[in-house]
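Read off the chains here:
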Amino acid sequence: MKTLFVLIAFALVAAPSMAAEKKQAKEPVPTGRLDSLMPAAPRYLVPQSALAEVRNPKEIEAETGGRLGVALVDANGALILGFNRDERFAMCSTFKAPLAAAVLIGAEGGKFGLEGTIPFGKDDLLDYAPVVKKNLKRGRMTMGELAQAAVEVSDNSAANLLLPMLGGPDGLTAFMRAHGDTVSRLDRDEPALNENVEGDPRDTTSPAAMAGLMGRLIFRDMAAESAAKLRAWLNASSTGDKRIKAGLPEGWTSGSKTGTCGTAYNDVALVKSPSGDEYILAIYLDRPTVNAAKAEAAIAETAQAALSFVGRAQKSGLE
């Protein structure tokens, strides 16, 4: 069976299935269609040798026992390929990437300064808060430091301290709407947002929505200095070393924000090809029956398949 990535590359703007439309109609927040917010996807010519080398994501998904979602967006905003790209998945800590972007853009607009400090005490410490715990005696951190900690080490207390400055979960959702994402929604803070009850749309996104949002933020909406800061934080993160980063084809680089909810394993990465082309790759894996190591390996293999496909493809010139 040919990989489904090929079908997405050539039929990206096709209407969703009736089942998908019915499912979306039940969502309390309109999901919209990310395709309508992006330029038409380029068409690609793919060598037969590339097709033979790239695994079908359906096979990877089946081996995990879970549900896999993938989306790849290029620097021009085109949704290049995907698999279950419009289905909802728990965001887990991937919400911290747009959270950091919201802090940086807020500073650009003069809402607050990155050097402004937020006080905290022992009651603000969550189980996973390595950076905030180190600064407990100091009792305060700057907004820039907190945003950096939220991205680089996924510090949960750092994220919770920042959210009120943005209007809470509703404020971050409004920020995402303002930047073209009609799907992603944050309803709770840490650690409640990790609940991931099946069928619950709270604190969810879709691969296409998150990839599209991060692409618009980094490649278009953020000032160059702010985008550079976010890129540096993503590149410095080591939480995804066994996920997308582990599956990069030779010569590719990445920086990412992971999310793990116990029943979900996610990674959203800014990836760069050897020729310098940049993309946002979002991979979400929900409720795998395999252990954590195999779940991360599946994400790495999915990344390898997606990026190898794109690396071997050539634009046909057809729009």
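Just above, that's the structure.
These numbers come from a predicted model, not from an experiment. Position labels on residues start from 1 in each chain and follow its written sequence. For this predicted model, a pLDDT threshold of at least 70 governs which residues receive local features, and a threshold of 80 or more governs which side-chain atom pairs are given and counted, while totals over whole chains, interfaces and linings are taken from all residues. Excluding hydrogens and water, the side-chain values take into account all heavy atoms of the structure.

1. Regarding the pattern of salt bridges
Part 1 of the argument: The term salt bridge refers to a pairing of a side-chain nitrogen on Lys or Arg with a carboxyl oxygen on Asp or Glu at a separation within 4 Å. Using the criterion set out here, one finds 20 salt bridges in the structure.
Part 2 of the argument: For Arg67, the salt bridge is made with Glu87, and the minimal N-O distance between the two is 3.0 Å. Here Arg67 is found in strand 2 (residues 67-74), whereas its partner Glu87 is found in the loop between strand 3 (79-83) and strand 4 (89-90), with 20 residues between them in sequence.
Part 3 of the argument: On the basis of relative accessibility, which here comes to 22%, the residue Arg67 falls in the partly exposed class.
Part 4 of the argument: Each member of the salt-bridge network shares a partner with another, and the members are Arg188, Glu195, Asp200, Arg202 and Asp203. Note on conventions: DSSP H or I runs of at least 4 residues are helices, E runs of at least 2 residues are strands, and numbering of each starts at the N terminus. Each residue is assigned to one of three classes by its accessible area relative to the maximum for its type, calculated with a 1.4 Å probe on protein chains only: buried under 20%, partly exposed between the two thresholds, exposed over 50%.

2. Examining the environment of Ala102
Part 1 of the argument: Among the secondary structure elements, Ala102 is positioned in helix 5 (residues 96-108).
Part 2 of the argument: Put simply, Ala102 and Met222 are 120 residues apart on the chain and 9.4 Å apart in space, counted from C-alpha to C-alpha.
Part 3 of the argument: Residues are treated as being in contact if the distance between any of their heavy atoms lies within 4.5 Å. Beyond its immediate sequence surroundings of up to four residues, Ala102 is in contact with Phe112, Leu166, Leu172 and Phe175.

3. Here's the deal with the state of the cysteines
Part 1 of the argument: The criterion for a disulfide is a pair of cysteine sulfur atoms lying within 2.5 Å. Per the counting criterion, the structure on display carries one disulfide.
Part 2 of the argument: Linked covalently through their sulfurs, Cys92 and Cys261 form a disulfide whose S-S length is 1.7 Å. Between Cys92 and Cys261, the S-S dihedral sits near -135 degrees, and the bridge is therefore left-handed. Of this pair, Cys92 sits in the loop between strand 4 and helix 5 while Cys261 sits in the loop between strand 8 (253-260) and strand 9 (264-272), and the two are 169 residues apart along the sequence.

4. So, the packing of aromatic side chains
Part 1 of the argument: Pairing of aromatic rings covers Phe, Tyr and Trp, the last through its six-membered ring, and needs centres within 6.5 Å; plane angles under 30 degrees mean stacked, over 60 mean edge-to-face, and all others mean tilted. Throughout the structure, instances matching the rule amount to two aromatic pairs.
Part 2 of the argument: Ring geometry for Phe89 and Tyr284: centres 5.9 Å apart, planes at 40 degrees, overall tilted. With Phe89 in strand 4 and Tyr284 in strand 10 (residues 278-286), this pair connects stretches of sequence that are 195 residues apart. As far as burial versus exposure is concerned, Phe89 and Tyr284 are alike and both buried.

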